[in-house]
Amino acid sequence: MAISDRKRLKIIAEDMLGEARAVGRARVYSATGFSQQNISIVHQQVRCTNLAWALGHRRKVSKGDVVAIVGGSFSGIMLACSLAIAHDVIVYILEKESRLLHRFLDKSQRFLSQNLNSRDLRKGFDPSYTAHIDKPAIFEWEAGVASDVAGAWLREFDRYASKLPIFTIHDCEVEPNAISEMDDKVIVQLQAPTDAKLRPLVVDLLIDATGFGPEANPLELADYSYWEGGHRLIYDHLPPESRVLVSGCGDSGVIELMHYAIADFQHEMVTYFWPPKAGLEAILDVGLERINNVLHSDEIVDFEGRLISELCWWLGHWSYLQYWQKNHGSESPPSDSSKSIFDAIEAELAERIAIAFPGRKSSTIPEDEREAFVLALSLEEQLAVRAAVGPAVDDALSLEIAALMKPVKVARLLNLRTLRKRLRPGTEIVLNGLTPTPFTRNLSPYNVWLTHVMMGLPNVHYRRGRIVDTERISGGQTRVIFGDGTSDVFDRVVTRYGPGRREPSKQLSMGNLRDPYPGDFLLDYPTYSVPTDRPQIWQNIRVGTHRVKARAPVVQRRRGTDPSNPIFKPLYIAEMLRADPNPWNEDPRYKDPQTWLSQAIRTGHYPAYRDRL
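Residues numbered from 1 in each chain as written. Predicted model: local features only at pLDDT ≥ 70, side-chain atom pairs only at ≥ 80, totals over all residues. Heavy atoms only, no water.

Asker: Explanation requested: the overall build of the protein chain in the structure shown.
Answerer: Broken down by element type, the protein chain carries 18 helices and 21 strands. A globule of 613 residues ought to have a C-alpha radius of gyration of about 25 Å, and the protein chain, at 27 Å, matches this closely. Along the longest, intermediate and shortest principal axes, the C-alpha atoms of the protein chain span 85 × 65 × 55 Å. Expressed as a percentage of contacts within the protein chain between residues at least 6 apart in sequence, the contacts between residues at least 24 apart total 74%. Here the protein chain carries 74 positive and 77 negative side-chain charges, and the mean point of each set is 5 Å from the other. (Helix = DSSP H or I, 4+ residues; strand = E, 2+ residues; numbered from the N terminus. Rg over C-alpha atoms; globule rule 2.2 N^0.38 Å. Contact = heavy atoms within 4.5 Å. Lys, Arg positive; Asp, Glu negative; His and termini not counted. Charge placed at Lys NZ, Arg CZ, Asp CG, Glu CD.)

Structural data, given as structure tokens:
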């Protein structure tokens, strides 16, 4: 590897670890990088692969070290296998349920795909056939219902865990106050489901893989969970002439809308709505990228991440205005929805500008002085600006996405006559959100298209407005009170608000104050180049997956140094957590099993493992 590549990868690894490291903790990390965006399974796989690489690359873990992972869902499983395969570490998965992937194993009504939440559709996209660009080193799963996907993951996990020091401790919920650090170790006090006293876990690192937070339910409705919905019986027992309110215009909201609008709809049917070879992916990819330039400005790189995207965009818009006035005199440039964003940022910065430039109009401030002004704002001040102008940004982007989709004629791409025959008779569905149109920046490109299709149906309408309260009335109906003082009555009200934020006292780990919009470091694809045996032909190596991909087949063939004398994992866990020493235990492997196993691995001894005595 070239020296320049080594230096670059060192910086990338440090950025990844800085993003994932918990505040006030030296040896506690988050598998999600504390992000609230890009939360699909594929995104989780990329983050976990990169985190495992970064920890090894910066020597935060090495052969024989011990890592505790809290959470046994897709992130926890991916991270455990990546670490154990690539770095020969001992891994404990601490899962509060009685089985891994508990949420998904009985969800045959939910469909999982590598493509539907992708932000990059690419040319020739087809949700049924297109392979995902984020090809993982392990757990290369196929689209299907959640229970089938989870089952396939567990079968592959068992193949790795049977060869590796990966131990799962079920029925084990870890509270934030149970984690402490001493010297270079992390101490985790576990609580047994019975009154038995357990010895604390002492590990080298702890990684929080508990996910993105529970689903938000501010209205305290019974039907608020995306993962508990989707069963056909929920929708088939609506009263005649029903009115349904679906609140939430994100990816899960549009799926719920389709369940209520279309009779006998099943989640996997969403793939039928994509018109192949129509060039729709180009409209969505290019158009949405242009629309999102307020929140994903290219100039962030020019300012080395010191400015949030909205302020980068604001500086660029000022340059555009001054260029226009210079070439067109006093005439104003053509107005568009971005003017509302610009005005909102101007209004929010007005007081600070008045203090920094007393007696001067904003339009007379030179570009270099305006740039110096915003660079002097702290990150906390910049994020306060974002919070203040957020509603204006959301409204403007909503209008721009609606304008992007307006020329796209659904009738030319889909057989609407067939679709309308499938509509649920007598049912009116009202989609509710906070933006002027049902299109939001939180929708994936594919779900922008689905929303466009659904809003053209005669039984689907949109109502803007925040819901402040609901009340049950006679006949089992629900009265919904909106923020403007109006109310409406519905036969059923469901919310799809996505992950909510945990209370700080219940968060296992907390991240540093940062700007998440430029893109997560953990979702990067760092590479380096190596020469091949062909002249002047170089090969790109993707560092996150390379070592795992190379070593996974080796691990699968591993029989263990002493296959006739395996480590029994249940006994290992029992003796490791036993508070009082077992006087009958004469096997040195189980007297202090963690110390024995760490030393064995460091000396090149790879035990065989069994799950049953």
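Past the structure itself, the notes keep going.
Asker: Help me understand helix α6 (residues 251-261), please; the structure alone is not making it clear to me.
Answerer: In an α-helix, one turn spans 3.6 residues, which is why side chains three or four residues apart end up on the same side. α6 sits mainly inside the fold: 11 of its 11 residues count as buried. All buried positions along α6 are accounted for by Asp-251, Ser-252, Gly-253, Val-254, Ile-255, Glu-256, Leu-257, Met-258, His-259, Tyr-260 and Ala-261. Turning to α6, the residues buried within the fold contact α5 (232-236), β11 (243-247), β12 (428-433), α14 (445-454), β13 (460-464) and β17 (492-495). (Buried < 20%, exposed > 50% of the residue type's maximum accessible area, 1.4 Å probe, protein only.)

Asker: Looking at this structure, how should I read a negative patch on the surface?
Answerer: Where like charges cluster on the molecular surface, the negative patch consists of Asp-120, Glu-289, Asp-298, Glu-299 and Asp-302. Locating Asp-298 in the fold gives a position in the loop between α7 (280-291) and α8 (309-328). For Asp-298, a relative accessible area of 68% gives the class exposed. (Patch = residues over 30% accessible without salt bridge, like charges linked within 9 Å, V, L, I, M, F, W, Y side chains within 5 Å. Areas by Shrake-Rupley, 256 points an atom, 1.4 Å probe, with all protein chains shown as cover. Salt bridge = Lys/Arg side-chain N within 4 Å of Asp/Glu carboxyl O.)

Asker: Would you mind going over the packing of aromatic side chains with me for this structure?
Answerer: How two aromatic rings sit relative to each other is given by the distance of their centres and the angle of their planes. Applying the stated criterion across every chain yields a total of 16 aromatic pairs. Centre to centre, the rings of Phe-139 and Trp-153 are 4.3 Å apart; their planes meet at 10 degrees, and the pair counts as stacked. Remark: Trp-153 occurs in helix α4 (residues 146-161) and Phe-139 occurs in the loop between β4 (111-112) and β5 (144-145); sequence separation between them is 14 residues. The same class applies to Phe-139 as to Trp-153, namely buried. Ring geometry for Phe-139 against Tyr-160: centres 6.0 Å apart, planes inclined by 70 degrees, an arrangement best described as edge-to-face. (Phe/Tyr/Trp six-rings, centres within 6.5 Å; stacked < 30°, edge-to-face > 60°.)

Asker: Whenever I open this one, the pairing of strand β7 (residues 179-182) confuses me. Can you help?
Answerer: Look at any regular strand and the pattern is simple: side chains alternate between the two faces of the sheet. In terms of strand pairing, β7 meets strand β8 (residues 185-188) through 4 bridges, oriented antiparallel. For Ser-180, the partnering residue across the bridge sits in β8 and is Ile-187. Once β7 ends, the chain turns through 2 residues before running back antiparallel as β8, passing Asp-183 with a positive phi of about 55 degrees. (Pairing = 2+ DSSP bridges.)

Asker: Even after reading the chapter, I still don't get the sheet that holds β7, so can you show me in this structure?
Answerer: Strand pairing in a sheet relies on backbone hydrogen bonds, with the paired strands running either antiparallel or parallel. Spatially, β7-β8-β9 is the arrangement adopted by the 3 strands of the open sheet, whose pairing is antiparallel. Each edge of the open sheet carries a strand with a single partner, namely β7 and β9 (201-203). Neighbour-to-neighbour, the strand axes of the sheet open up by a mean angle of 25 degrees, direction not taken into account. (Axes fitted to C-alpha atoms, helices over the stretch in contact; angles between N-to-C directions.)

Asker: What is the right way to read the side chain of Thr-495 from this model?
Answerer: Of note, Thr-495 is situated in strand β17. Setting aside chain neighbours within four positions, we find Thr-495 in contact with Asn-217, Leu-219, Leu-221, Asp-223, Tyr-224 and Ser-247.

Asker: So what exactly am I meant to see when it comes to the pairing of β13 here?
Answerer: Both β12 and β13 contribute to a ladder of 5 bridges, which runs parallel. Residue pairing in the sheet places Leu-431 in a bridge with Tyr-462 of β13. Between β12 and its parallel partner β13, the chain crosses via α14, and the hand of that crossover is right-handed. (Right-handed = clockwise from strand over helix to strand, strands pointing away.)

Asker: Would you mind going over the pattern of salt bridges with me for this structure?
Answerer: Opposite charge on two side chains makes pairing possible when the charged atoms of those side chains draw close. Here the structure, examined in full by the defined rule, presents 26 salt bridges. For Lys-185, the salt bridge identified is with Asp-204, shortest N-O distance 2.6 Å. Here Lys-185 is found in strand β8, whereas its partner Asp-204 is found in the loop between β9 and β10 (205-208), with 19 residues between them in sequence. The shortest N-O distance in the salt bridge between Arg-243 and Glu-428 comes to 3.0 Å. Of the two residues, Arg-243 is situated in strand β11 and Glu-428 in strand β12; the sequence distance between them amounts to 185 residues. Members of the salt-bridge network, linked through shared partners, are Arg-110, Asp-223, Glu-256 and Arg-496.

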